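Observations on the three-dimensional arrangement
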Amino acid sequence: VDYWTILNTLNQQVQQVDPQATLISNDRIHPGADGNFIMAYQFLKTTNAPQYVSNTEIEHGTLSRSEFCTITDLITTSNSASFRYKAQSLPFPVTNDIDKALSLTSFQNELNTERLKVTGLAPGKYGLEIGGKFIAGFTGSELAEGINLALLKNTPQYLQALAVKEKTDTHRDLQVKLRDIKLIEINYLAKSLWTDFVAAAAYINDLKNRNVQPYVSQKNRFDAYLINKPNEVGLEQELANLTDEIYTINQPVEYTI
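Notes on the structure in this doc start here. (Residues numbered from 1 in each chain as written. Predicted model: local features only at pLDDT ≥ 70, side-chain atom pairs only at ≥ 80, totals over all residues. Heavy atoms only, no water.)

1. What to know about the overall build of the protein
Scanning the protein from N- to C-terminus turns up nine helices and nine strands. In terms of overall size, the protein is more extended than a compact globule, its C-alpha atoms giving a radius of gyration of 25 Å where 257 residues would be expected to give roughly 18 Å. Taken along the three principal axes of its C-alpha coordinates, the protein extends 80 × 45 × 30 Å. In the protein, which comprises 257 residues, the proportion classed as buried is 38%. Expressed as a percentage of contacts within the protein between residues at least 6 apart in sequence, the contacts between residues at least 24 apart total 62%. Total accessible area on the protein is roughly 14,600 Å²; 52% of this is exposed by carbon and sulfur atoms. (Helix = DSSP H or I, 4+ residues; strand = E, 2+ residues; numbered from the N terminus. Rg over C-alpha atoms; globule rule 2.2 N^0.38 Å. Buried < 20%, exposed > 50% of the residue type's maximum accessible area, 1.4 Å probe, protein only. Contact = heavy atoms within 4.5 Å. Areas by Shrake-Rupley, 256 points an atom, 1.4 Å probe, with all protein chains shown as cover.)

2. A few points about the packing of helix α7 (residues 197–210) against helix α8 (residues 219–228)
At a minimum axis distance of 11 Å, the contact between α7 and α8 shows a crossing angle of 150°. The orientation of α7 relative to α8 falls into the category roughly antiparallel. The element α7 and its partner α8 pack so that their crossing is left-handed. Contact residues: F197, A200, A201, I204, N205, L207 and K208 in α7; F222, D223, Y225 and L226 in α8. (Axes fitted to C-alpha atoms, helices over the stretch in contact; angles between N-to-C directions. Parallel < 35°, antiparallel > 145°, perpendicular 65-115°, else oblique. Left-handed = near helix turned anticlockwise from the far one by under 90°.)

3. Notes on a nonpolar patch on the surface
Together, V1, F43 and L44 make up a nonpolar patch on the protein surface, roughly 250 Å² of accessible area in all. Along the chain, the position of V1 falls in the segment before α1 (3–17). (Patch = residues over 30% accessible without salt bridge, like charges linked within 9 Å, V, L, I, M, F, W, Y side chains within 5 Å. Salt bridge = Lys/Arg side-chain N within 4 Å of Asp/Glu carboxyl O.)

4. A short note on the layout of surface pockets
If you add up the space inside the largest pocket, you get close to 1,100 Å³. Surrounding the largest pocket, 33 residues form its lining, A40, L44, F92, P93 and F107 being those nearest its centre. Secondary-structure elements contributing two or more residues to the lining of the largest pocket are α2 (33–46), β1 (52–59), α4 (107–111), α6 (156–188) and α9 (232–249). Classifying every residue of the lining of the largest pocket by side-chain character gives 23 nonpolar, seven polar and three charged. Estimated volume of the second largest pocket: approximately 270 Å³. Around the second largest pocket sit 15 residues that line it, and A81, Y126, G127, L128 and L143 are the ones nearest its centre. For the lining of the second largest pocket, the secondary-structure elements that each account for two or more residues are β4 (80–87), β5 (113–119) and β6 (125–130). Considering only residue class, the lining of the second largest pocket consists of 10 nonpolar, four polar and one charged. (1 Å grid on protein atoms, 1.4 Å probe; cavity = no way out; pocket = protein on both sides within 12 Å on 5 of 7 lines; lining within 4 Å. Points joined across faces, edges and corners; volume = space filled by probe spheres on them. Nonpolar A, V, L, I, M, F, W, Y, C, P; charged D, E, K, R; others polar.)

5. Here we look at the pairing of β4
The pairing of strand β3 (residues 69–77) with β4 spans seven bridges and is classified as antiparallel. Counted as the bridge partner of I71 is Y85 from β4. If you look at the hairpin formed by β3 and β4, you'll find two residues sitting between the two strands. Sheet topology note: the β4/strand β9 (residues 255–256) ladder contains two bridges and is antiparallel. (Pairing = 2+ DSSP bridges.)

Okay, here's the thing in structure tokens:
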């Protein structure tokens, strides 16, 4: 996966407006939210991820397409359509911290399209309901052209995806705690101290009291080590439990549309 080309090209693009701008971060090494998102976008494009979350077409009362989803119990009239809908995946919940990355890529169209197209309805305005909840209003022409449900942030499936994101954010925070325990041990502590917390704490506190390196440059991680190391086994179990929970709550649900 070629990350260099896309990040370098887009960085040069934003720096034409502001030479101090960067899609990476202030240190120009570790990707921030925008840089990480663009890397994810490039990974998915390179590995040929599908464009669609789902792709549903109902033409003049007949189901003509149902990609990446299951459609059942279709009932149509000249001014209504209802059906049971279950997608194979969830839409991606975009947040404000990646606005720049979204403006520089075609992510929503290329990788996050939950398309619903309904033709043959009488002219007029229609209310979209999912799971008995009003979502938005659309004209018959808009529905005939096709709408992207993934852009609607009040659908049940989007709210579900948002809940999954919150859990994955917590997952990452736990991973950082565990990673930083190992970072301190491998880089700064003698191996004999890895299993002797009392001695390790004494060594770190001595560095702290003397305000010397490596404590000065890694203060936050050393301080976190003293808090998290005694809970390492519990953190590992919490991470495992959270992983199981994520793979439970991320399963798509069937709704009536």
